[in-house]
Amino acid sequence: MDCTAEVVGDTTHTIDVADGDTYGDLLTAVGLSTHEATVLVDDTPVPEDQPIETDHVRILRLIKGG
Amino acid sequence: MDCDKCGASAVMHAAYSGLHLCERHFLRSVEKRVKRRIREDALIDNRTTPDDPETWVIGLSGGKDSVVLTDLLYDTFAEDPRIELVALTIHEGIEGYRDASVDACVELTDGMELRHEVVSYASEFDLEMDSVAESDPENMAPCAYCGVFRRDILSRYAEQYGADKLLTGHNLDDEAQTALMNVLEGDVKQIAKHFDASLGPFPDRPSGSNNEPFVPRAKPLRDIPEKEVALYAHLKDLPVHMAECPHASEAYRGEIQELLLGLESKHPGTRHSIMAGYEEIAHVVAEQYDTDEQPDLQDCERCGSPTTGDICRKCQLVESIHTA
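Residues numbered from 1 in each chain as written. Chains lettered and ligands numbered in written order. Predicted model: local features only at pLDDT ≥ 70, side-chain atom pairs only at ≥ 80, totals over all residues. Heavy atoms only, no water.

Asks: Mind showing me how you'd approach helix α12 (residues 313–323) of chain B here?
Replies: Helical periodicity: at 3.6 residues per turn, an α-helix aligns residues three or four positions apart in one direction. All of the buried residues in α12 of chain B are Lys314, Cys315, Leu317, Val318, Ser320 and Ile321 of chain B. Lining the buried residues of α12 of chain B we find α4 (121–125), α5 (129–135) and α6 (142–160) of chain B. (Buried < 20%, exposed > 50% of the residue type's maximum accessible area, 1.4 Å probe, protein only. Helix = DSSP H or I, 4+ residues; strand = E, 2+ residues; numbered from the N terminus. Contact = heavy atoms within 4.5 Å.)

Asks: So what exactly am I meant to see when it comes to the packing of aromatic side chains here?
Replies: Residues and elements named next belong to chain B. If you walk through the whole model with that rule in mind, you get five aromatic pairs over all chains. With 5.7 Å between their ring centres and 55° between their planes, Tyr121 and Phe125 make a pair best called tilted. With a gap of four residues between them, Tyr121 and Phe125 both fall in helix α4, about one helical turn apart. For the pair shown, Tyr121 and Phe125 are each scored as buried. An aromatic cluster is present here, built from Tyr121, Phe125 and Phe149 joined pairwise through their rings. For Lys165, the ring lying beneath its charged end belongs to Phe202, and the centroid distance is 4.6 Å. (Phe/Tyr/Trp six-rings, centres within 6.5 Å; stacked < 30°, edge-to-face > 60°. Lys NZ or Arg CZ within 6 Å of the ring centre and 35° of its normal.)

Asks: I'm lost on the nonpolar core in this one. Help?
Replies: The tendency in soluble globular proteins is for nonpolar side chains to be buried as a group. All names here are of chain B. If you look at the biggest cluster of nonpolar residues, it comprises 45 residues, and the most contacted ones within it are Phe26, Trp56, Val68, Leu73 and Leu85. Of all the secondary structure elements, the ones that give two or more residues to this core are β1 (12–14), α1 (23–40), β3 (54–59), α2 (64–77), β4 (83–91), α3 (98–110) and α9 (226–235). Tallying contributions element by element places α2 first for this core, with seven residues. Residues contacting Leu85, with those up to four places away along its chain left out, are Trp56, Ile58, Leu73, Tyr74, Phe77, Leu114 and Arg115. Core analysis: the second largest hydrophobic core is formed by 27 residues, Phe149, Ile153, Leu154 and Ile321 among them. (Core = buried A, V, L, I, M, F, W, Y, C linked by side-chain atoms within 4.5 Å.)

Asks: Whenever I open this one, the pairing of strand β3 (residues 37–41) of chain A confuses me. Can you help?
Replies: Within a regular beta strand, the side chains point alternately toward one face of the sheet and then the other, so they alternate between its two faces. Residue and element names in this part refer to chain A. Burial of β3 is extensive: five of the five residues sit out of reach of the surface. Residues of β3 alternate between two faces, with Ala37, Val39 and Val41 on one and Thr38 and Leu40 on the opposite face, all of them buried. With four bridges joining them, β3 and strand β5 (residues 56–61) adopt antiparallel strand pairing. Counterpart to Thr38 in the pairing with β5 is Leu60. Pairing of β3 with strand β4 (residues 44–46), which is carried by three bridges, proceeds in the antiparallel orientation. The residue of β4 that forms the bridge with Val39 is Val46. (Pairing = 2+ DSSP bridges.)

From the geometry alone we can't say anything about function, so treat these as descriptive.
Take a look at the structure:
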């Protein structure tokens, strides 16, 4: 399945995700760490160890660096 | 994933504790940890009464850490007659950066019954950081000048407002980075100073005996990981200025930050365990240095601030910049 990940204020990526991949894997795929960003599904943060269940997310950078 | 406390949808996972928390329980968890830190540090002197309240000055920059700290302290103590809060914002004169963050501070405090003061380097020292970074008469990083000026203003104004404590928004990542840097640099004296200046519970610090000329400091957010501070600000929709200072140049701290977060990913809890061990070590070495000879402090000939020489570092730097 493809999932589009829009990094808020930055680029949008299309990621090929496999069954069991988590939102944390999505962060890694766009080059961010789970310590610096959170994934928003319908504008609500989701835990990084949760399996991906949607085809569109927004990614919010919370801290610089990391 | 469901919240481990109530079964609602979780908004975060804390790998170091294994907990998944929903918005309500995450916010509550941050608030509980901050209140516990305030208790453990004995921030409120047990002699404090409504008739003889304490004044706490909060260093409010407009960044996520100080905004969350101000919001939390206001929620907790606004109605407490024993505590008077004052927010102090410093404008360093950095084009396109500080104006926006001062706006965030004003937006935050507008809805609060809170004294909020804004002080600038321009009015205090007749200089702005943009031009200091450009002329750089001492051949130092901009942060080295800025840190001296900021500490001077925070201490002086804290004293002027009759502050009993100066509170800053340092989070767990900030403190673990500083701890690791002090250890890697082999700077044992700095570890002792770190304990006395801001880590130790108040009864264990030399300043607890009122012998210190400086307003004692505390960091109530120092148990909260940086990402959780930011998530708290996001979930509570607090006005936060996210940009990085254009003059930021702490390259070594950036390296340490990367190292620590790499360790944290592989071994969740590393930041907490570093701080637990470091605080114990810092306590021991602080006692050791406490018995050693302390430097004699006298008043700076120009501004009266406590200093080991005739003229304090801030006055030396201001002179150097103005004669450049």
